[in-house]
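One-letter residues, chain by chain:
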Amino acid sequence: MKRRSIFVDYLVYVAVRFLTTALSIFHVETNLRLMRGFGAAWFHLPHAIPETRVPAWLGRLGFMRWLVKLSNSGNKLLSRFREHRNRAEGHIRMAFPEMSPAQVSATAKASMQQLTMLAIEVLFGPKLITVWTLTNYIHLRKLDEALRVLLRRKGCIMLTGHYGNWELLGYALAVLGFDIVAVMRPLDNEYLNRFLLDQRERSGLKLLYKKGATRAAGDVIESGGALCFIADQNAGSKGMFVDFFGKKASTYKSIGLLAMEHRVPIVVGCARRLSLEKFEYELCADRVIQPEEWDRQEDPLLWITQEFSNALEDLVRKAPEQYLWIHRRWKSRPKDEVEAAGNQSVPH
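Conventions adopted
- Residues numbered from 1 in each chain as written.
- Predicted model: local features only at pLDDT ≥ 70, side-chain atom pairs only at ≥ 80, totals over all residues.
- Heavy atoms only, no water.
- Helix = DSSP H or I, 4+ residues; strand = E, 2+ residues; numbered from the N terminus.
- Rg over C-alpha atoms; globule rule 2.2 N^0.38 Å.
- Buried < 20%, exposed > 50% of the residue type's maximum accessible area, 1.4 Å probe, protein only.
- Contact = heavy atoms within 4.5 Å.
- Salt bridge = Lys/Arg side-chain N within 4 Å of Asp/Glu carboxyl O.
- Patch = residues over 30% accessible without salt bridge, like charges linked within 9 Å, V, L, I, M, F, W, Y side chains within 5 Å.
- Areas by Shrake-Rupley, 256 points an atom, 1.4 Å probe, with all protein chains shown as cover.
- Axes fitted to C-alpha atoms, helices over the stretch in contact; angles between N-to-C directions.
- Nonpolar A, V, L, I, M, F, W, Y, C, P; charged D, E, K, R; others polar.
- Pairing = 2+ DSSP bridges.
- Parallel < 35°, antiparallel > 145°, perpendicular 65-115°, else oblique.
- Left-handed = near helix turned anticlockwise from the far one by under 90°.

S.K.: Got a minute to help me understand the overall build of the protein chain in this structure?
M.R.: Counting secondary structure elements, the protein chain contains 14 helices and 9 strands. Over its C-alpha atoms the protein chain spans a radius of gyration of 22 Å, differing by no more than 12% from the 20 Å that the globule rule assigns to 348 residues. With respect to the three principal axes, the spread of C-alpha positions in the protein chain is 70 × 55 × 45 Å. A burial count over the protein chain gives 50% of its 348 residues as buried. In the protein chain, of all internal contacts separated by at least 6 residues, the share reaching a separation of at least 24 is 76%.

S.K.: Honestly, the pattern of salt bridges in this entry has me stumped. Any pointers?
M.R.: Close approach of charged atoms lets side chains of opposite charge pair. All chains considered together, the criterion is met by 19 salt bridges. The partner of D286 in a salt bridge is K318, with the nearest N and O atoms 2.4 Å apart. Of the two residues, D286 is situated in strand β9 (residues 281-289) and K318 in helix α13 (residues 300-318); the sequence distance between them amounts to 32 residues. A relative accessible area of 29% places D286 in the partly exposed class. Connected via shared salt-bridge partners are R141, R272 and E282.

S.K.: Looking at this model, I keep getting lost on the environment of R36. Mind explaining?
M.R.: Mapped onto the secondary structure, R36 falls in helix α2 (residues 28-48). Given a relative accessible area of 14%, R36 falls into the buried group. Once the C-alpha coordinates of R36 and A216 are considered, the two residues, 180 residues apart in sequence, prove to be 39 Å apart. Each residue touching R36, except ones within four places of it in the same chain, is listed here: Q113, T116, M117, L276 and E277.

S.K.: Looking at this structure, I do not really get a nonpolar patch on the surface. What am I missing?
M.R.: Together, I6, Y10, V14 and Y191 make up an exposed nonpolar region whose accessible area comes to about 370 Å². Residue contributions to the nonpolar patch peak at 3 residues, all from helix α1 (residues 6-23). If you trace the backbone, Y191 turns up in helix α9 (residues 190-201). Taking the relative accessible area as the measure of exposure, Y191 reaches 32% and is therefore partly exposed.

S.K.: Is there a simple way to explain the packing of α1 against α9 in this structure?
M.R.: Axis angle and axis distance: for two packed helices, these are the angle between their axes and the distance between the axes, and together they describe the pair. Taken N-terminus to C-terminus, the directions of α1 and α9 make an angle of 35°; their axes are 7 Å apart at the nearest point. Where α1 approaches α9, its residues I6, D9, Y10, V12, Y13, V16, R17 and T20 are matched on the opposing element by Y191, L192 and F195. Looking at the contact of α1 with α9 residue by residue, the classes come out as 8 nonpolar, 1 polar and 2 charged.

S.K.: How should the pairing of strand β6 (residues 240-244) be read in this particular structure?
M.R.: In the case of a regular strand, side chains alternate between the two sheet surfaces. With 4 of its 5 residues buried, β6 lies for the most part within the structure. Pairing analysis gives 5 bridges linking β6 to strand β7 (residues 247-251), with the strands arranged antiparallel. If you follow F244 over to β7, its bridge partner there is K247. A loop of 2 residues connects β6 with β7, the two strands running antiparallel in sequence, and F245 in this loop sits at a positive phi of about 60°.

S.K.: Honestly, the packing of helix α11 (residues 254-262) against α13 in this entry has me stumped. Any pointers?
M.R.: The interhelical angle for the contact between α11 and α13, taken along N-to-C directions, is 120°, at an axis separation of 9 Å. Considering the angle they form, α11 stands oblique to α13. Here α11 runs over α13; the crossing is right-handed. On α13, the residues that touch I255, G256, L257 and M260 of α11 are P300, L301, I304 and F308. For the contact of α11 with α13, the class distribution of residues is 7 nonpolar, 1 polar and no charged.

Structure, rendered in structure tokens:
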């Protein structure tokens, strides 16, 4: 693994803090419009800008080598950005074969804009949302059963996906006074990671690093808290493969194993954007999986994993443009599929 530069990490942190301060003088809706424009540029420009070609003889001139390096770096960056759009469109075509090419492109563009807008909301959401202002920005919908589970304070597992504002669900519930603990992977940049942790913890949201979280996760549930996961992560070759939009996707077993061990409900919900023009969301939990349901199943772990994956898919289908389609959800493939493909590469 390449060693990180502390100096570069600190410069990135300073740049983010400066940008946050500069943008804070504008209304959040102005910033969202700006970021929506950046998302559109991310979608369109890499395909509109041709790669640069620097003549080989120019690179042999010592004082011009910087130009060759700059050209190569720019081409690599453009290639990566093109890959983001291509991957998003490929995933959408796979998930929604009934969509026309124009609909696929429009959904991919909106998805990439959603991500750039989310970046602003992560920075400014904790400042905007307090117990006094929450209802200005967030509407509670279809939460009756989920709230009953939370109010019993006997422990539960809460799941969402890379959909809508996946940071907002746990944060808003913590603002309302619930004991919410979110499992996360720390950022590689320690300075930026600490900054974002401070932002999230202002509401009382507690955070648990994914690595080595097994014992602590059980303690959270046993103490009556809600343990939150982003459940559509690729779990690699050791994960459990279940259907997600008709294609096998590697999914973590730990969610189902924890639920079975502690016999607690699994709440599947989201924070769905209601408007492109302003910071406005609805919180909903369309599915609560109760222990009594998996007791009747022949393979409870497989059933739980498939059931919450189905619930996440149902959420995405209601507003597919809000899903993170550049996410490599289907990267890992089942062993039998890899063996059947032989030496051929399997698209993901």
